[in-house]
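Notes for the structure review
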Amino acid sequence: MPKNEKLKSILIIGSGPIIIGQACEFDYSGSQALRSLREDGIETILINSNPATIMTDPSMADHIYLLPLNTKSLIKILKDHPQIDAVLPTMGGQTALNLCIEADEKGIWKDFDVEIIGVNIDAINITEDREQFRELMLKIGIPMAPQATATSYLKGKEIAQEFGFPLIIRASFTLGGAGASFVYKEEDFDELLTRGLEISPIHEVMIDKALIGWKEYELELLRDSNDNVVIICSIENMDPIGIHTGDSITVAPAMTLSDRTYQKMRDMAIHMMRNIGDFAGGCNVQFAVSPDENEDIIAIEINPRVSRSSALASKATGYPIAKIAAKLALGYHLDELNNQITKSTSALFEPTLDYVIVKIPRWNFDKFEGSDRRLGLQMKSVGEVMGIGRSFQEALHKATQSLEIKRNGLGADAKENKNYDEIIEKLTYASWDRVFIIYDAIAMGIPLSKIHKITQIDMWFLKQYEELHFIKNEISTFTIDTIEKDLLLEAKQKGYGDRQIAHMLGCLESQVYSKREELGVNRVYKLVDTCAAEFEAKTPYYYSTFESDMETADGNRYADNDSIVSDKKKVIVLGSGPNRIGQGIEFDYCCVHGVLAAAECGYETIMINCNPETVSTDFDTADKLYFEPVFWEHIYDIIKHEKPEGVIVQLGGQTALKLAEKLTKYGIKILGTSFEALDLAEDRGLFSNLLKENNIPYPEFDIATTADEAAAIADVLDFPILVRPSYVLGGQGMKIVINKEELEKHVVDLLSRMPGNQLLLDHYLDGAIEAEADAICDGEDVYIIGIMEHIEPCGIHSGDSNSLLPPFNLGDLVMQQIKDHTKTIALALKTVGLINIQFAIKDDTVYIIEANPRASRTVPFIAKAYGEPYVNYATKVMLGEKKVKDFNFQPKLEGYAIKQPVFSFNKFHNVNKKLGPEMKSTGESILFIDGLKDDAFYDLYSRRKMYLSK
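Reading the values: rules and limits
- Residues numbered from 1 in each chain as written.
- Predicted model: local features only at pLDDT ≥ 70, side-chain atom pairs only at ≥ 80, totals over all residues.
- Heavy atoms only, no water.
- Helix = DSSP H or I, 4+ residues; strand = E, 2+ residues; numbered from the N terminus.
- Rg over C-alpha atoms; globule rule 2.2 N^0.38 Å.
- Buried < 20%, exposed > 50% of the residue type's maximum accessible area, 1.4 Å probe, protein only.
- Contact = heavy atoms within 4.5 Å.
- Areas by Shrake-Rupley, 256 points an atom, 1.4 Å probe, with all protein chains shown as cover.
- Lys, Arg positive; Asp, Glu negative; His and termini not counted.
- Charge placed at Lys NZ, Arg CZ, Asp CG, Glu CD.
- Core = buried A, V, L, I, M, F, W, Y, C linked by side-chain atoms within 4.5 Å.
- Pairing = 2+ DSSP bridges.
- Axes fitted to C-alpha atoms, helices over the stretch in contact; angles between N-to-C directions.
- Arc of directions from axis to C-beta.
- Phe/Tyr/Trp six-rings, centres within 6.5 Å; stacked < 30°, edge-to-face > 60°.
- Lys NZ or Arg CZ within 6 Å of the ring centre and 35° of its normal.
- Polar contact = N/O pair within 3.5 Å; in protein donor to acceptor, adjacent residues only side chain to side chain.
- Disulfide = S-S within 2.5 Å.
- Patch = residues over 30% accessible without salt bridge, like charges linked within 9 Å, V, L, I, M, F, W, Y side chains within 5 Å.
- Salt bridge = Lys/Arg side-chain N within 4 Å of Asp/Glu carboxyl O.

Describing the overall build of the protein chain
Secondary structure summary: the protein chain contains 31 helices and 35 strands in total. By the compact-globule yardstick of 30 Å for 950 residues, the protein chain fits well, its C-alpha radius of gyration being 28 Å. By principal-axis analysis of the C-alpha atoms, the protein chain measures approximately 80 × 75 × 60 Å. Scored against the burial criterion, the 950 residues of the protein chain give a buried share of 66%. Sequence-distant contacts in the protein chain: of pairs separated by 6 or more residues, those separated by 24 or more amount to 70%. Put simply, the protein chain shows about 34100 Å² of open surface, and 48% of that area lies on carbon and sulfur atoms. Between the mean site of the 99 positive side-chain charges and the mean site of the 141 negative ones, the protein chain shows a separation of 1 Å.

What follows is the structure, given as structure tokens:
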């Protein structure tokens, strides 16, 4: 059946600000859906409150409403657009589904004659209400764990008494496992039961008998209105039941599942999907499997929408689930749609993988002081990375190299944990760093049988780790001069980085690289093609691996490389890696716009990134996508292979910027602001000299490298003092101290975490107002794209401040100083592209806090508020294609736009919620107000000093 011709105009509900449990995977899903609908000539109307995303870019939908996600906003949109025929709520996570349900209960869809497509409300209610779901599963013959529902504290106690411990508590109608917990001991039960009942919006929890040691799997499905169902991907959690899938190390395809059990699981998933409701779209089903020979299967849950896992499955297989799901919601059948990768085969197929993917979550526990770092059923990670390799070991190493936590991979980097008690503790209570701890345990000599008994991780995975340790020991018996080609090739095929091999051989990374070139152990690139090379792929989406040479009949030896280099002029954009606090989705927005702008200028665009949640790693965003770690040797090999005109580093946050020095050292051109200028802005001593030469005020400061130096500086500067390390993002390690005891403690702590770092000690301007400016500079002219004033006082990180655009109470004298200083600094730093400058204002004097000649967190916000594509303009300046004076800037904003930070403190109990110089927010929303008498502004302004922590 072709699409439903009655559908001409569709409303899509977005997912709002980034929070733990609902991140940028829904920006990816929503963006794909919008593009998919527009291909069919559908008018698209979007509601979303997140300014940092590609999804809310003016180019994505016909009408975009940056409004709070509530029914009041929906009614306004439906009145503005009476032509809306349907709403698609499955692309915005739980937030969109909950809003859709609320609007349905209030009769809003009925009042405006709007059809719900892509899902049905009954299906949502059945899957979210754990009692209803259990009853349905039992009715259709799907096994479940022994469980019972409690809607009161007393009932919960009765169930616990009946089942015994350990138990699992799951709250109904929540996201990211909120309110869920694994209860090992009776004494913990009361508190965890109460928490679950409180968090559930219907005050209901399901209490399960815990299935200790059972393995966990997920299947991603698509179904059309003709009841065709395909399984897109099987995903295995390396961790057993008890850790939220968002916090689990996951592997695709499933590694330790027999074919017989997989087929049984597949049939069960299809049976479940068909019985929860009559809808067309994506679905995620989770199962537990017993770790014995029986491989008994029980159902855990089903989500009738695209999910975090469907973004991962899309990137893992190359099958764009959200894009196809949007088509199915229109009424198309799978056999009427094309495979988006081959362009010549049908979408009614199940992808085949001839590679392995490993996803590892990324946590930010350092931002939540006092938080419980053990993992459980409530999700705590803020982002994730994905590695693609020809083996589990290669993919695992690539994923660990992508995390950006100062590790070069598993072991062999002098950072191994050698404390037996700590290792046993971290294995017993799943820790965020268990991916490394397993390796360390094996290196220490702890038997695999003991590691398996403690962790319940399948022995197959543990033996893979053990093999990595064995080859490390073997390599360590050689030197760089004596190592043989076969052993070096094997180490690279298992994912070991040159830095790690150098550590084993006791030489330099560059020597290992040279040795590889000498022996012909070189990286080759393979296509992610959805069908194991059975059909030719038309979409250039690559990963790297190492292969033994093949020999032709005439004696030629070569390794097969799928990435063919064109003769076009090329530009590489370095992505921002995994989401984390301080570097989020706003840099993905910038990278995507950079790619699109470079394409407009006639360049072949090449994207390098390792984050499966983002639009930048969509297979058709850039001309070529390399799904690789943003890690030196991977970057360098791609650059040598592609030979671009240059590399753009200023759009990918600190991830890309920190590679600038090495790129420069190796003679690779950085497009836009040079490394020297970037480094000058980071080096506080040199930067202060620049300010002094230009008569620009800055707070008194000095630089310390020891606690003694810091104490001596404090005698001169006077307290309060702001302490901050160099070369960090998101205010990492920043703190205001008010006496010598606090100063010494913080300095010692910082230097233990960041040895050799230069610490900047500034006299803190107590009671100052903070403001910031973003600008585009071409080396000759400067255009200020926006000046924002923070509502909170100076001392709270700019990412955690409520900020107004334009400023609301800075006088003409102050505004002129901000404009003058911005232009002077941008030119003095020889900026080519974007720059962000932060100011402290006291007694009508504007002091410089810092300057960052790169894309900043606020650029997407300013672009959305003013309706101008500033990153597009800045990229064209970086490429030398345009000058500032070539653009006709026409910003439009009536009233004010407020950037409001959003926090995820509710995921961490007993943490310090006070704000300070270190950023803690996970996302942001945008709010437009007509004037300063608006209640929202008044409320924010009245509370501005409440959370300041010194």
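Section: the nonpolar core
Residues Leu-88, Leu-574, Val-649, Leu-663 and Ile-776 are the most contacted members of the largest nonpolar core, which totals 168 residues. Beyond its immediate sequence surroundings of up to four residues, Leu-663 is in contact with Leu-574, Trp-632, Ile-639, Val-647, Val-649, Ile-668 and Ile-670. Val-229, Ile-231, Ile-297 and Ala-299 belong to the second-largest nonpolar core, a separate cluster that totals 31 residues.

A short note on the sheet that holds strand E8 (residues 181–183)
An order of E6-E9-E7-E8 is seen for the four strands of this open sheet, with the pairing classed as antiparallel. The open sheet has two free edges, formed respectively by strand E6 (147–150) and E8, since each of these has just one partner strand. Put simply, the sheet's adjacent strands are angled 25 degrees from each other on average, direction ignored. In this structure, strand E7 (residues 167–171) lies alongside E8, joined through three bridges in antiparallel fashion.

Notes on the environment of Val-884
Tracing the chain through its elements places Val-884 in the loop between helix H30 (870–878) and strand E34 (896–902). Separated by 105 residues in sequence, Val-884 and Gly-779 have C-alpha atoms that sit 9.3 Å apart. Those residues within four positions of Val-884 in sequence are excluded, and the remaining contacts are Ile-776, Cys-777, Asp-778, Asp-781, Tyr-783, Val-877 and Phe-889.

Re the pairing of strand E23 (residues 624–627)
Here E23 shows no split at all, with Lys-624 and Tyr-626 on one side and Leu-625 and Phe-627 on the other all buried. Alignment of strand E18 (residues 541–545) against E23, held across two bridges, turns out to be parallel. Note on E23: the bridge partner recorded for Tyr-542 is Tyr-626. Pairing between strand E22 (residues 604–609) and E23: four bridges, direction parallel. Bridge pairing links Ile-606 to Lys-624 in E23.

As for helix H7 (residues 153–163)
Regarding H7, the residues found buried are Gly-156, Ile-159, Ala-160 and Phe-163. The buried residues of H7 occupy an angular sector of 100 degrees when the element is viewed end-on, so they sit on one face. Residues Leu-154, Gln-161 and Glu-162 are exposed on H7 and point more than 90 degrees away from its buried face. Residues of H7 that are buried make contact with E6, E7, helix H8 (186–199) and strand E9 (205–209). After H7 finishes, the residue Gly-164 shows a positive phi value of roughly 80 degrees.

What to know about the packing of aromatic side chains
Within the structure shown, the criterion is met by 28 aromatic pairs. A ring pair is formed by Tyr-698 and Phe-701, whose centres lie 6.0 Å apart and whose planes are at 65 degrees; its orientation type is edge-to-face. Accessibility classification places Tyr-698 together with Phe-701 in one group, the buried group. These aromatic residues form a ring-pair network of at least three members: Phe-365, Phe-368, Phe-903, Phe-905 and Phe-908. Lying across the ring of Phe-279, Arg-223 places its NZ or CZ 5.6 Å from the centre. Its end group placed over the ring of Phe-631, Arg-499 keeps NZ or CZ at 4.6 Å from the ring centre.

Remarks on the environment of Ile-231
Looking at where Ile-231 falls in the secondary structure, it is placed in strand E11 (residues 229–237). The class of Ile-231 is buried, set by a relative accessible area of 3%. Placed 30 residues apart in sequence, Ile-231 and Thr-261 show a C-alpha to C-alpha distance of 15 Å.

Describing helix H11 (residues 321–329)
The α-helix winds at 3.6 residues per turn, so residues separated by three or four positions along the chain end up facing the same way. Burial analysis of H11 places nine of its nine residues in the buried class, the great majority of the element. Three or more residues of H11 are buried, namely Ile-321, Ala-322, Lys-323, Ile-324, Ala-325, Ala-326, Lys-327, Leu-328 and Ala-329. Residues of H11 that are buried sit in contact with helix H1 (25–39), strand E4 (86–88), strand E10 (215–223), E11, strand E13 (281–289) and helix H10 (308–317). Just past H11, the residue Gly-331 takes up positive phi, approximately 115 degrees.

Description of the pairing of strand E32 (residues 833–842)
Extensive coverage of E32 is indicated by the burial of nine of its ten residues. Where strand E29 (residues 769–777) and E32 come together, nine bridges link them in antiparallel fashion. The residue of E32 that forms the bridge with Ile-769 is Ile-841. Pairing geometry for E32 and strand E33 (residues 845–852), over seven bridges, is antiparallel. By the bridge assignment, Asn-836 is partnered in E33 with Asn-852. Linking E32 to E33, which pair antiparallel, is a turn of two residues; within it Asp-843 sits at a positive phi near 55 degrees.

So, the side chain of Lys-215
On the secondary structure map, Lys-215 appears in strand E10. Among the residues examined, Lys-215 registers a relative accessible area of 10% and is labelled buried. A polar side-chain atom of Lys-215 sits 3.0 Å from a polar atom in the side chain of Asp-458. If sequence neighbours within four positions are ignored, Lys-215 has contacts with Glu-236, Ile-241, Thr-256, Phe-287, Ala-288, Val-289 and Asp-458.

So, the sheet that holds E18
Pairing in this open sheet of six strands is mixed, and the strands run E17-E18-E23-E22-E21-E24 from one edge to the other. If you trace the sheet from one side to the other, it starts and ends with strand E17 (524–527) and strand E24 (646–648), each paired once. Between one strand axis and the next, the sheet turns by 30 degrees as a mean value, whatever way the strands run.

Observations concerning the state of the cysteines
Working definition of a disulfide: a covalent bond connecting the sulfur atoms of two cysteines. According to the stated counting rule, one finds zero disulfides in the structure shown. Just so you know, Cys-590 is unpaired, no disulfide at all, and the nearest cysteine sulfur is the one on Cys-591, 7.0 Å from it. Between Cys-610, a cysteine without a disulfide, and Cys-591, which holds the nearest cysteine sulfur, the sulfur-to-sulfur distance is 11 Å.

Concerning a negative patch on the surface
On the surface, Asp-702, Asp-708, Glu-709, Glu-741 and Glu-744 cluster together to form a negatively charged patch. When contributions to the negative patch are tallied by element, the ones reaching two or more residues are helix H26 (707–717) and helix H27 (740–753). Tracing the backbone through its elements, the reader meets Asp-708 in helix H26.

Some remarks on the pattern of salt bridges
Enumeration over the complete set of coordinates arrives at 48 salt bridges. In this structure, Arg-407 and Asp-413 form a salt bridge, with 2.7 Å as the shortest nitrogen-oxygen distance. Per residue, the accessibility class of Arg-407 equals that of Asp-413, and both read buried. When the shortest N-O distance is used, the salt bridge between Lys-515 and Glu-518 registers 3.9 Å. Taken together, the residues Lys-515 and Glu-518, both in helix H19 (residues 509–519) and three residues apart, mark about one turn of the helix.

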